Amino acid sequence: MIKIYSLLIMLTAFIMLACAVYIGTRHTIKHSKLSISIIQLFIVGIITSLAYVRAISTHDFGQAEFSYALYFAGIDWLLITFVFYARQYTRIWLDTYSAPLIIAAIAVLDSISLFANQKWHHAFSLVERRLNPEEWFYAFEINDYYMVHLIFCYILVAIIVVVLLKKTIITSGFHRTRYLSILIMFVGIILLNVLYLFFDYPVDVSVCFYSVAAVYVGYYSLLYNPKTFVEYMLTTITERMECALVSFDENDCCIYSNQFANRLFCPSGEKRVFEDRFRKWRDGRETNSISNASWNDVFNINGDEYRFDIHFNKIYDKKGYYCGCYLSFYDVTGDFIAYEEEKYRSTHDSLTGALNREAFFEDVRNILDEYPNVEYVMVCCNIKGFKLINDMFGVEEADRLLIRCADTIREKIQKGSTFARLEADRFAVLMPKSRYTEELFMTGMNMVSNYLNNAQYRMVILVGVYEIFDKQAPVISMVDGAFLAIDSISSSFKNSIAYYGDMLRREYLSEQKILGEFEEALQTGQFAMFLQPIVNMDQKVKLSEALVRWIHPDRGIIAPASFIPLLEKTGYIYKLDMYIWEQAAKRLAYWTSMGFDDLSISVNISVKDFYYIDLYETLVGLVEKYHIHPSRLKLEITETIFMTEKERQLEIINSLKEYGFLVEIDDFGSGYSSLNMLKEVPADILKMDMAFLSMDKNVTRGRKIVNTIITLAKALGMLVIIEGVETQEQMEYLRGTGADYLQGYFFDKPLPVKRFEELYLI
């Protein structure tokens, strides 16, 4: 009989070992305190079981006494590890650290006392107990201290029961089974142990049920997941998802639809509605033959339009057999609206709602490509002096005016046309030529201009029309053509319309050709410096003025009037000026090496030079590079330099004068602020053109003006150069005026540098 008990208990130990190995290999225990506590519980249970087997199977008194002490101590630690397991499993009493430490300390003392029983026999004593005349084992009889050990054990039992019972009460119904099962199992083993102790049963059969406990603990702690809870969780998740879900079985019968789907498509929850919709979508195809797919669709729900992303997915079992499918509908109406709003903002002007520049160019290109047989015109308009409207009426009023312009255009154009606010007050319209009439636009212009017209201000709108003859041309060139037409009427003081014709086209193409060839011409030396001599009253050359000529390899010499104004307008003039300045500085250095260090060259300074380069650093760098005195490179300026940022320009000029440059005021008398220039600009030389005082009419009056200006310049300590001298009569008159130098075709025309040197440096 004892052997059978021993085998059963050893089988129990083996089952616990198998459970421990399974948990240790199948579950991550490195960071799982629950798995570690379960394995610890099984190990202590194995030791306790084996100790009890040894105690009842040996006939050696000393070994039996030691094994019983180990068994009783094992009961202590088995209960303590169960306490630790219960804490981890239920998450109750988990934050308390002092009480578990006290319990462990008591268990250590109790274990020591139990092992000391071999000397003092205060806890238990062993007696022979015979099951039959031939079979006996050592049983124990309890002494006084054993009751202390027993009380400690039942305190631990009470703690475990309270923890598991509390968790069973406070947890949800889905999880109550997992805690209640462990509690019942534990209480059952304890009751068996009580029966063994108090009813004098020969062997502790409760040990045999440790295997059952091991299976319960492992299964309910780590593996058990209530199906009802899983189903509830899945149902709750699908009901709370921000999408509509509809699922079908293999026969295309609707088996589930969440609340979102019912609310959107079928408030009654009638499955047949979903089945009819699904049947229409399948369009006679077998569901299993349709691949998983995603698409976008629009649904009208209660009179409102909704946009959905729809996903169709099939479900297969583990063997690969088709068992059903589901459709998920994600409401992307808000995202679609936000996308459309963002797209609108990126393509439309925020103030007027018209297309912006980039979107207009793209729209025009699409229209021209889509309707190749329709003739179109590009109509552009702007408000003359729009900046003045901002200054006089304020930004808000100017914005209202622009909105009115856009609204008027929107009212006038029809389908098949498009328009944009390109920038500021510039609008552009593409429309079929057949719909364009001057009356249409004149009416619109008058409607808008009357918005602000009053006694103090009259608004003028200018319109340019470009007929599109080459649809493959860049859209920007069409717009430029319309604005070129506007430029031709920029001086108009009433609402006007101008057309881009052959003359403007030729002018535009000519300008584009010049700009296209400019960089290469500058790099290849096509621009040549010419020098025009400036003589004193003895007609000896003392000064010269640097002028530029474009010597084109195919077209010969291009007149400066053909490219200088264009370069001024586009800003490229600064590159040409820098080139001529360097040519002049090189020539002055060459003349110095030849011994002609008293001859100077005057160079022109454009208003654009002040903005595109560091004028001071550039000019100073040139004279230092070629080792020439700055006074020999004279700087000619005009009053246009001071049209904007006058203080800044004056500061630069004063810096150049301090360095040693001499400043000439050119074209004196040709503008409106010449006398003011004399007051503010510390110039050294005054250049006056005879052309502004015709010597053919009012000769006496003209001569008095010339004399007065020369006298004024002398009073200011300035030298005077009279340019434009063309006749002997002018020459004779100027001898007695006090002028210092003369310049003009009467003496010589602008000459190539080599020719100038041959004539005047020998």
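Residues numbered from 1 in each chain as written. Predicted model: local features only at pLDDT ≥ 70, side-chain atom pairs only at ≥ 80, totals over all residues. Heavy atoms only, no water.

*Asks:* Looking at this model, I keep getting lost on the overall build of the chain. Mind explaining?
*Replies:* Looking only at helices and strands, one finds 27 helices and 22 strands in the chain. In terms of principal-axis extent, the alpha carbons of the chain reach across some 170 × 70 × 55 Å. The buried share among the 762 residues of the chain stands at 47%. In the chain, 64% of the contacts between residues at least 6 apart in sequence involve partners at least 24 apart. For the chain, the exposed area adds up to about 40100 Å²; of that, 56% sits on carbon and sulfur atoms. Counting 75 positive and 93 negative side-chain charges, the chain places the averaged centre of each group 2 Å from the other. (Helix = DSSP H or I, 4+ residues; strand = E, 2+ residues; numbered from the N terminus. Buried < 20%, exposed > 50% of the residue type's maximum accessible area, 1.4 Å probe, protein only. Contact = heavy atoms within 4.5 Å. Areas by Shrake-Rupley, 256 points an atom, 1.4 Å probe, with all protein chains shown as cover. Lys, Arg positive; Asp, Glu negative; His and termini not counted. Charge placed at Lys NZ, Arg CZ, Asp CG, Glu CD.)

*Asks:* Help me understand the sheet that holds strand β12 (residues 496-499), please; the structure alone is not making it clear to me.
*Replies:* As summarised here, the arrangement of the five strands in space is β9-β10-β8-β11-β12, forming an open sheet in which the pairing is mixed. Looking at strand neighbours, the two that pair on one side only are β9 (418-423) and β12, the edges of this open sheet. Sheet twist, expressed as the mean angle between neighbouring strand axes with direction ignored, is 20°. With five bridges joining them, β9 and strand β10 (residues 426-432) adopt antiparallel strand pairing. Of the residues in β10, the one forming a bridge with Ala-420 is Ala-428. Helix α13 (residues 357-370) rests against β8 (376-383), β9 and β10 of the sheet, and its axis sits at about 150° to β9. Each of β8, β9, β10, β11 (461-467) and β12 is contacted by helix α17 (residues 475-487), which is oriented at about 55° to β8, the strand it contacts most. (Pairing = 2+ DSSP bridges. Axes fitted to C-alpha atoms, helices over the stretch in contact; angles between N-to-C directions.)

*Asks:* Would you explain the sheet that holds strand β6 (residues 304-316) in this entry?
*Replies:* Within a sheet, adjacent strands bond to each other through the backbone by hydrogen bonds, running parallel or antiparallel. Judged by pairing direction, the sheet is antiparallel, and its five strands sit side by side in the order β4-β3-β7-β6-β5 without closing on themselves. A single partner strand is all that each edge strand has here, and the edge strands are β4 (254-257) and β5 (293-301). When strand polarity is set aside, the average angle formed by the axes of neighbouring strands in this sheet is 25°. Pairing analysis gives three bridges linking strand β3 (residues 243-249) to β4, with the strands arranged antiparallel. Bridge pairing links Phe-248 to Cys-254 in β4. The strands touched by helix α11 (residues 271-282) are β3, β4, β5, β6 and β7 (322-331); relative to β4, the strand with the most contacts, the crossing angle is about 110°.

*Asks:* Is there a simple way to think about the domain arrangement of the chain in this case?
*Replies:* The parts lose accessible area when they come together, and the size of an interface is often stated as this lost area. Under the domain assignment, the chain is made up of domain 1 (1-224), domain 2 (228-337), domain 3 (350-500) and domain 4 (517-761). Centre-to-centre separation of domain 3 and domain 4, based on C-alpha positions: 43 Å. (Domains from an automatic or database assignment.)

*Asks:* How should I be thinking about a nonpolar patch on the surface in this particular structure?
*Replies:* Side chains of Leu-11, Phe-14, Leu-17 and Val-21 sit close together on the surface and give an oily, nonpolar patch of about 390 Å² of accessible area. Mapping Leu-17 onto the fold places it in helix α1 (residues 2-26). (Patch = residues over 30% accessible without salt bridge, like charges linked within 9 Å, V, L, I, M, F, W, Y side chains within 5 Å. Salt bridge = Lys/Arg side-chain N within 4 Å of Asp/Glu carboxyl O.)

*Asks:* Looking at this model, I keep getting lost on the pairing of strand β1 (residues 124-132). Mind explaining?
*Replies:* Successive side chains on a regular strand alternate, one facing one side of the sheet and the next facing the other. Looking at chain direction, β1 and strand β2 (residues 135-142) are connected through eight bridges and run antiparallel. Across the sheet, Val-127 pairs through a bridge with Ala-139, a residue of β2. The antiparallel hairpin formed by β1 and β2 contains two residues in its connecting segment.

*Asks:* So what exactly am I meant to see when it comes to the pairing of strand β14 (residues 541-552) here?
*Replies:* Summarising burial for β14: nine of the twelve residues are buried, a large majority. Across nine bridges, strand β13 (residues 527-536) lies against β14 in antiparallel orientation. Along β14, the bridge assignment pairs Ala-528 with Arg-549. Joining the antiparallel neighbours β13 and β14 is a turn of four residues, in which Gln-539 adopts a positive phi near 60°. Bridge count between β14 and strand β16 (residues 600-604): three bridges; the pairing is parallel. Bridge pairing in β16 places Leu-543 opposite Ser-600. In the sheet, β14 pairs with strand β15 (residues 556-558) via three bridges, with the strands oriented antiparallel. Bridged to Ile-551 within β15 is Ile-557. What sits between β14 and β15 in their antiparallel hairpin is a turn of three residues.

*Asks:* Whenever I open this one, the packing of aromatic side chains confuses me. Can you help?
*Replies:* The way to describe two aromatic rings as a pair is by their centre distance and the angle between their planes. Across all of its chains, the model carries 46 aromatic pairs by this definition. Grouped by ring-pair contacts, the aromatic residues Tyr-52, Tyr-68, Tyr-71, Phe-72, Phe-124, Phe-140 and Tyr-146 constitute a single cluster. Positioned over the ring face of Phe-493 is Lys-384, at 3.9 Å from the centre of the ring. Sitting over the face of the ring of Phe-483, Arg-426 holds its NZ or CZ atom 4.1 Å from the ring centroid. (Phe/Tyr/Trp six-rings, centres within 6.5 Å; stacked < 30°, edge-to-face > 60°. Lys NZ or Arg CZ within 6 Å of the ring centre and 35° of its normal.)

*Asks:* Mind showing me how you'd approach the UniProt feature "transmembrane region" (unreviewed entry) in the chain here?
*Replies:* With numbering matched to this structure, UniProt assigns "transmembrane region" (unreviewed entry) to residues 6-24, 36-56, 68-85, 97-116, 145-165 and 177-199. The span residues 97-116 carries 90% helix and 0% strand; its end-to-end C-alpha distance comes to 29 Å. Structurally, residues 145-165 is divided into 100% helix and 0% strand, and its ends, taken at the C-alpha atoms, are 30 Å apart. (UniProt positions renumbered as here; feature names shortened; annotations may be inferred.)

*Asks:* Would you mind showing me how to read the side chain of Lys-687 here?
*Replies:* With respect to the helices and strands, the residue Lys-687 is situated in strand β19 (residues 685-689). Here the side chain of Lys-687 touches Glu-545 through a polar contact of 3.1 Å, side chain to side chain. Each residue touching Lys-687, except ones within four places of it in the same chain, is listed here: Glu-545, Glu-636, Glu-664, Ile-665, Asp-666, Asp-667, Phe-668, Ile-721, Glu-723 and Gln-743. (Polar contact = N/O pair within 3.5 Å; in protein donor to acceptor, adjacent residues only side chain to side chain.)

*Asks:* Sorry if this is basic, but what is going on with helix α4 (residues 98-115) here?
*Replies:* Side chains that are three or four residues apart share a direction in an α-helix, a result of its 3.6 residues per turn. Compared with an ideal rise of 1.5 Å per residue, which puts 18 residues at 26 Å, α4 spans 26 Å between its outermost C-alpha atoms and is within 8% of the ideal. Those residues of α4 not exposed but buried are Pro-100, Ile-103, Ala-104, Ala-107, Asp-110, Ser-111, Ser-113 and Leu-114. (Expected span 1.5 Å × (residues − 1).)

*Asks:* What is the right way to read the environment of Leu-761 from this model?
*Replies:* Position of Leu-761 among the secondary structure elements: in the segment after α27 (753-760). For the pair formed by Leu-761 and Val-541, sequence separation is 220 residues and the distance between their alpha carbons is 9.2 Å. Setting aside chain neighbours within four positions, we find Leu-761 in contact with Trp-591, Phe-596, Leu-599 and Phe-756.

*Asks:* Which parts of the structure should I look at to understand unusual backbone geometry?
*Replies:* Across the chain, the bulk of peptide bonds are trans and the bulk of non-glycine residues have phi less than zero. Phi angles above zero are rare outside glycine, and Ala-424 is one such case at about 45°. Structurally, Ala-424 can be placed in the loop between β9 and β10. The phi angle at Gln-539 is positive, at roughly 60°, despite the residue not being glycine. By secondary structure assignment, the location of Gln-539 is in the loop between β13 and β14.

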